[in-house]
Amino acid sequence: YDTLTGLPSRDAFMEDLQGAIERAQEGHSSIALMVCGIDDFKSVNEQCGFRTGDTILQTVASRLTANLSSDRFNVARLGSDQFVIVEKHLRDGFQAAETAEKVLATIGSPINSGNHRISMTATLGISLFPSDADQADRLLQRAEQTIALAKQAGHNHFQFYVASIDKEIRERKQMEKDLAQALANHEFHLVYQPQINLETRRVIGAEALLRWEHPEHGMIPPDLFIPVAEANGSIVEIGQWVLDQACWQAARWASEGTHLRIAVNLSAVQLRQESIVDDILNTLKRHNIPAGRLELEVTENVLIDDFSRAISILCRLKALGVRIALDDFGTGYSSMSYLHSFPFDKIKIDRAFVGDLEDNRHSMAIVRAVIDLGHSLNVPILAE
């Protein structure tokens, strides 16, 4: 162990890293290795003295161990002003970026040492197992190479070993920041896709679809920004805005004599909110929309997250008159079990099966089977 900080030394850390890599290989999981260097540490030593420098190193060590749980993280001191962090059971590079931001914030809080109150920053170099290297020494070497490059570019930031991954994550983090302002800046709007009865050729409903017009980048595709909003939780506020706007539009159409059912997508994150049922009912009441005129579309991943809770909430909404549609049917893993467990009011066939219907015998067979299934269950089928 390092005598100053009490953290594992470089040699002990390398043994721990090798063990973590072997366990990750067995479990087919990923690891992030972050080398963390305190910015301008040499100047602090020269200006404030070595005792203050030692206090800073001890404080950083204690903050890292206090804020990073030992079951998922290993923390060690490499030497001088450099620490190393291993994040195990990594979901993806974005999770590593979130950890890196947490580390920067942890180190960024001012440190008191005697008469000095010092504000520190740090720079991180990040390598990923197995994509960047599959051996302990190589993985560390690549993180050390990356921090050297990162320090040349500035302070108080992180950088990934592979440039393309670094760019992708940087763009994702920027999108998160832009997304946080989009609602307040009135950058969202809804478009409405008609739902048509093929027998009567009449429009019987409309699905509200969210669009984001970025002030610099123009229209951002929903399949890019919706997953980001779900990951950082902003989908809750955005989803409530969508529901409110859709109900306002439905009320406006009704006042003009067109009583259409309005369909709105409901994400798994929204469904986890304790107040979701009340929020939906209050919105309907505020716009004087009957519950039966609202249709909530859920995908299988909504049910996968917490099946019993999801079904319980959907049953409450259904009992109050709200209609529930199963979206993207046929693209998940357990569609039949969900149909067995919950009486959906509508099944939507994913457009992957509908788009090439005229030319693909397999798609035709699948669509025909779903239609027959819907008839048997007495559930209408909607083809995207």
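Please refer to the structure higher up on the page.
This one's a predicted model, so the numbers in the text were calculated from it and none came from an experiment.

Asker: Please explain the environment of Val35 as it appears in this structure.
Answerer: Checked against the element boundaries, Val35 lands in strand 1 (residues 30–38). A residue is classified by how much of its surface remains accessible, and Val35, at 0% relative accessible area, is buried. Distance from Val35 to Gln141, taken between C-alpha atoms, is 9.7 Å for residues 106 residues apart in sequence. With residues near it in sequence (within four places) discarded, Val35 still touches Leu78, Gln82, Phe83, Val84, Thr123, Leu124, Gly125, Leu140, Ala143, Glu144 and Ile147.

Asker: Whenever I open this one, the nonpolar core confuses me. Can you help?
Answerer: For soluble globular proteins, nonpolar side chains are generally found buried alongside one another. With 60 residues, the main nonpolar core has Phe188, Leu294, Leu296, Ile324 and Phe344 as its most contacted residues. Tallying contributions element by element places helix 8 (residues 235–255) first for this core, with 8 residues. Leaving out residues up to four positions away in the same chain, Phe344 has contacts with Val298, Leu303, Ile324, Ala325, Leu326, Tyr338, Leu339 and Val379.

Asker: Please clarify how unusual backbone geometry should be interpreted in this entry.
Answerer: Note the cis peptide between Phe129 and Pro130, where omega equals 5 degrees. Along the chain, Pro130 falls in the loop between strand 6 (122–129) and helix 5 (136–153). Backbone geometry places Asp40, a non-glycine residue, at a positive phi of 55 degrees. Turning to its location among the elements, Asp40 is positioned in the loop between strand 1 and helix 2 (41–48). By relative accessible area, which is 47% here, Asp40 ends up partly exposed. Positive phi values are uncommon outside glycine, yet Asn156 reaches one of about 60 degrees. Relative to the helices and strands, Asn156 resides in the loop between helix 5 and strand 7 (158–160).

Asker: Would you explain the side chain of Asn74 in this entry?
Answerer: By secondary structure assignment, the location of Asn74 is in strand 2 (residues 73–79). Polar contacts involving the side chain of Asn74 include one to the side chain of Lys88, which spans 3.3 Å. Setting aside chain neighbours within four positions, we find Asn74 in contact with Asp16, Val84, Ile85, Val86 and Lys88.

Asker: What is the right way to look at the packing of helix 8 against helix 10 (residues 276–286) in this model?
Answerer: Each packed pair of helices is defined by two parameters, the angle between the axes and the distance between the axes. Taken N-terminus to C-terminus, the directions of helix 8 and helix 10 make an angle of 25 degrees; their axes are 9 Å apart at the nearest point. Classified by the angle between their axes, helix 8 and helix 10 sit roughly parallel to one another. The interaxial crossing formed by helix 8 with helix 10 has right-handed handedness. Here helix 8 contributes Gln240, Leu243, Asp244 and Cys247 to the contact with helix 10, which in turn contributes Asp279, Ile280, Thr283, Leu284 and Arg286.

Asker: Can you help me understand the pattern of salt bridges in this one?
Answerer: Two side chains bearing opposite charge may form a pair once their charged atoms approach each other closely. In total, this model carries 16 salt bridges according to the counting rule given. Between Arg77 and Asp2 there is a salt bridge; the shortest N-O distance is 3.1 Å. One end of the pair, Arg77, is in strand 2; the other, Asp2, is in the segment before helix 1 (10–27), with 75 residues separating them in the sequence. Across this residue pair, the class does not change: Arg77 and Asp2 are buried. Salt-bridge contacts for Glu176 lead to Lys173; the nearest nitrogen and oxygen are separated by 3.2 Å. Here the residue Glu176 and the residue Lys173 both occupy positions in helix 6 (residues 163–182), the gap between them amounting to 3 residues, near one helical turn. Judged by relative accessible area, Glu176 falls into the buried class, the value being 15%. Judged by its relative accessible area of 9%, Lys173 is buried.

Cut-offs used in this document
- Residues numbered from 1 in each chain as written.
- Predicted model: local features only at pLDDT ≥ 70, side-chain atom pairs only at ≥ 80, totals over all residues.
- Heavy atoms only, no water.
- Helix = DSSP H or I, 4+ residues; strand = E, 2+ residues; numbered from the N terminus.
- Buried < 20%, exposed > 50% of the residue type's maximum accessible area, 1.4 Å probe, protein only.
- Contact = heavy atoms within 4.5 Å.
- Core = buried A, V, L, I, M, F, W, Y, C linked by side-chain atoms within 4.5 Å.
- Polar contact = N/O pair within 3.5 Å; in protein donor to acceptor, adjacent residues only side chain to side chain.
- Axes fitted to C-alpha atoms, helices over the stretch in contact; angles between N-to-C directions.
- Parallel < 35°, antiparallel > 145°, perpendicular 65-115°, else oblique.
- Left-handed = near helix turned anticlockwise from the far one by under 90°.
- Salt bridge = Lys/Arg side-chain N within 4 Å of Asp/Glu carboxyl O.

Geometric descriptors of this kind do not, in isolation, establish any biological role.
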